[in-house]
Amino acid sequence: MADRPGGLCSHIAEQRDLVMESYKIVISFLISPESRENLEKRVQRFKCYTCESVGARCRLHACLQCCYVGCRLYNHSQEHHEESNHHVAISLSHGVLYCYLCAEYVHDYEFDIIAIKARQRLADFLDLNEFVRSVPLWNPKYGELELLSLQPKRMRVDSKTPIGLRGLYNLGNTCFMNCIIQCLTHTPFLREYFLSQQHKCIRSSPADCLVCEMCSIFQEFYSGKIFPHVPTRLLYLVWTHAQHLAGYEQQDAHEFFMATLNLVHKHASGTDIPYSGGCNCIIDVIFTGSLQSDVVCQSCHGVSTTIEPFWDISLDLGQQTAGDSRKPRSLDRKKLTDCLENFTRAEHLGSAAKIKCSKCNSYQESTKQLTFKKLPLVVSFHLKRFEHSKLLHKKVSTPIAFPQQLDLSPYMAKPEEQEEADPTSTSHDPSFSRPHTYSLFGVVIHQGTLQTGHYTAYIRQSPNGWFKCDDCEIKTATIEEVLNCEAYLLFYHKKYIEYAVE
Amino acid sequence: MNQELSNRIRQKLVATGEEERLKELLKTRLLSSGWRDELSAVAREYLKAKGVQHVDVEELQNVLLVEARKSIPDTVKKELLVEIRDFVMQHEGIL
Ligand SMILES: [Zn+2]
Ligand SMILES: [Zn+2]
Ligand SMILES: [Zn+2]
Ligand SMILES: [Zn+2]
Ligand SMILES: [Zn+2]
Ligand SMILES: [Zn+2]
């Protein structure tokens, strides 16, 4: 162990400048190449010069005092040190300095920064920012490391820890807000973003920033406190910024959800336009997907395609199947996938709604079909249970069955090249097609009638740990209970980001 | 798989930058699946039990390797496999 944590050992410090020069070279040629040319060159050099082994398991190290690369698997890098008296090396798998005299890896802030910056440039050039930026890792800075060492108390969080669960006071018909807060605080990517405090406030005052408020709500939820939280500031911020939701009446949870996304996006990005192209605020990173709309002219079969962004999907429930009460309920129970099929079906626009076809250069009847072009990390479905017309406001209580794992691949837009695909090609083997599988993590329920209803939510705390959140009250729930409820909003996340092994 | 073929695939993976993409993908998945946290907990316990002065990186690496490989979620393995398969199919020239 070096006596100064996070510093160079005396052997390396002695020739720091020389070592740094070679370190930069190795980083940019072997570890994070910044051009195609360097990537290609790397192929030849990325092996043990003595035994020619390759791959992560042989743990290659490059000597920083000459250009030898040796493996640790068969001790060739150690042999090089003994033969040549060179003692500073760098691990090619991790870019960390190694001192043979100390027989230790050595960390130094300035060296680390060189490696991190090179990695960022590689990510830019290979277009990997999807991974590098969308899930930014918390790398504690040196000041933060000091703070951590002053706070020796540690909390171990695993799948059995109840942390993250907290009741919410009802501030007078505010269950519409509470159920949404419960779902948002259990959205995996949002949790990672807020708990690692990545928000850099751009508002004039953090007190007027909904992102900052979300941040403090996450802090409250994960503080370990067991008494309910009072979300007054969030309510106040939403009231002042989305006036249509102000007042002590019951509001629509879906409307509140959309208004919250919109306000967080606005306050995080400083723009007033929703889904402003290329916005990479946390809301757009997580919730923005896109729909492809294909309008097909019935005369010439020409297709005109447009792409529209979305934050959530509103689904029609179709006709209520009343009068079939003799049949067992499970048989005629409509499924979420039925609604999705309906949503993505080609719809005839009718003779009254002719659209100008650019090919025929005249107004023609056409069909319109929506499909998913890009799926977001979190897909939320809004089941349209409330019908509002001029004369009538009514609630549709049709039961809708929804799965715990949802495959959205049948509703994806067909890739353009598919028509010309070689039918003998094996690459269309369905078992290799990329999965668009989503896992359920939150459900909002509306109980009662339109006027005197009450909202509650089911949230998934750990892979199989479900809880029912009813304002102040939090109770464990079974998955059967969740899957049989009369859902109003459904929240799914991309399956592979599931927290914990199945 | 024969050695020559696997070398050719590896070279193509490195030269096209696909290897780096897969690395980042894998890192992201392992992080979000909780794998990394679980593994660092194992490491911490080992260090505590033996005393941090008496363990070097080499030893820790050997101890963790078995557990690390064993605990990679199947979904992650499968996703990586599909990605690599897709890559090999796109570059049929390597076969
Ligand atoms: Zn070797
Ligand atoms: Zn050397
Ligand atoms: Zn040293
Ligand atoms: Zn802020
Ligand atoms: Zn945005
Ligand atoms: Zn036409």
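Refer to the structure above for everything that follows.
A brief look at the structure comes next. (Residues numbered from 1 in each chain as written. Chains lettered and ligands numbered in written order. Predicted model: local features only at pLDDT ≥ 70, side-chain atom pairs only at ≥ 80, totals over all residues. Heavy atoms only, no water.)

### Regarding the overall build of chain B
Inference 1: Looking only at helices and strands, one finds five helices and zero strands in chain B.
Inference 2: Sequence-ordered secondary structure for chain B, helices as α and strands as β, is α-α-α-α-α.
Inference 3: For chain B, the proportion of its 95 residues judged to be buried stands at 39%.
Inference 4: Taking the contacts inside chain B whose residues are at least 6 apart along the sequence as the reference set, 67% of them involve residues at least 24 apart.
Inference 5: Accessible area for chain B stands at about 5700 Å²; split by element, carbon and sulfur atoms hold 56% of it. (Helix = DSSP H or I, 4+ residues; strand = E, 2+ residues; numbered from the N terminus. Buried < 20%, exposed > 50% of the residue type's maximum accessible area, 1.4 Å probe, protein only. Contact = heavy atoms within 4.5 Å. Areas by Shrake-Rupley, 256 points an atom, 1.4 Å probe, with all protein chains shown as cover.)

### Considerations on the coordination of the zinc ion (ligand 2)
In an ideal tetrahedron of four donors about a metal, each angle is 109.5 degrees. In an ideal octahedron of six donors, the angles are 90 or 180 degrees.
Residue and element names in this part refer to chain A.
Inference 1: Binding of the zinc ion (ligand 2) to the protein goes through Cys63 (SG), Cys66 (SG), His80 (NE2) and His86 (ND1), at separations of 2.0 to 2.2 Å.
Inference 2: Classification of the site at the zinc ion (ligand 2) rests on its four donor atoms, whose angles at the metal span 102 to 114 degrees, yielding the label tetrahedral.
Inference 3: Each donor residue of the zinc ion (ligand 2) belongs to the same chain, and together they define the spacing C-x2-C-x13-H-x5-H. Remark: His80 occurs in helix α4 (residues 76-84) and Cys66 occurs in the loop between β1 (60-63) and β2 (69-71); sequence separation between them is 14 residues.
Inference 4: Since its relative accessible area comes to 31%, Cys66 is described here as partly exposed. (Donors = N, O, S within 2.8 Å, 3.2 Å for Na, K, Ca; no water. Tetrahedral: all angles 85-135°; square planar, octahedral: opposite > 155°, others 65-115°.)

### Remarks on the coordination of the zinc ion (ligand 4)
Residue and element names in this part refer to chain A.
Inference 1: For the zinc ion (ligand 4), the protein coordination sphere consists of His199 (NE2), Cys201 (SG), Cys209 (SG) and Cys212 (SG), at 2.0 to 2.4 Å.
Inference 2: Coordination geometry of the zinc ion (ligand 4): the four donor atoms subtend angles of 97 to 116 degrees at the metal centre, consistent with an arrangement described as tetrahedral.
Inference 3: Each donor residue of the zinc ion (ligand 4) belongs to the same chain, and together they define the spacing H-x1-C-x7-C-x2-C. Here His199 is found in the loop between α9 (188-195) and α10 (210-221), whereas its partner Cys209 is found in the loop between α9 and α10, with ten residues between them in sequence. Cys209 carries the same exposure label as His199, and that label is buried.

### Side note on the pattern of salt bridges
Inference 1: Summed over the entire model, instances satisfying the criterion amount to 27 salt bridges over all chains.
Inference 2: Glu387 of chain A is paired through a salt bridge with Lys394 of chain A; the nearest N and O atoms lie 3.7 Å apart.
Inference 3: For Glu387 of chain A, a relative accessible area of 38% puts it in the partly exposed group.
Inference 4: Relative accessible area serves as the criterion here: at 35%, Lys394 of chain A is assigned to the partly exposed category.
Inference 5: If you follow the salt bridges from partner to partner, you end up with Arg42 and Arg119 of chain A together with Glu19, Glu20, Lys23, Glu24 and Lys27 of chain B in one network. (Salt bridge = Lys/Arg side-chain N within 4 Å of Asp/Glu carboxyl O.)

### Let's talk about the packing of helix α2 (residues 16-31) of chain A against helix α3 (residues 36-45) of chain A
All names here are of chain A.
Inference 1: It is the contact of α2 with α3, at a shortest axis distance of 8 Å, that shows an interaxial angle of 95 degrees. With respect to α3, the element α2 is oriented roughly perpendicular. Contacts between α2 and α3 involve Ser28, Phe29, Leu30 and Ile31 from the former and Asn38, Arg42 and Arg45 from the latter. (Axes fitted to C-alpha atoms, helices over the stretch in contact; angles between N-to-C directions. Parallel < 35°, antiparallel > 145°, perpendicular 65-115°, else oblique.)

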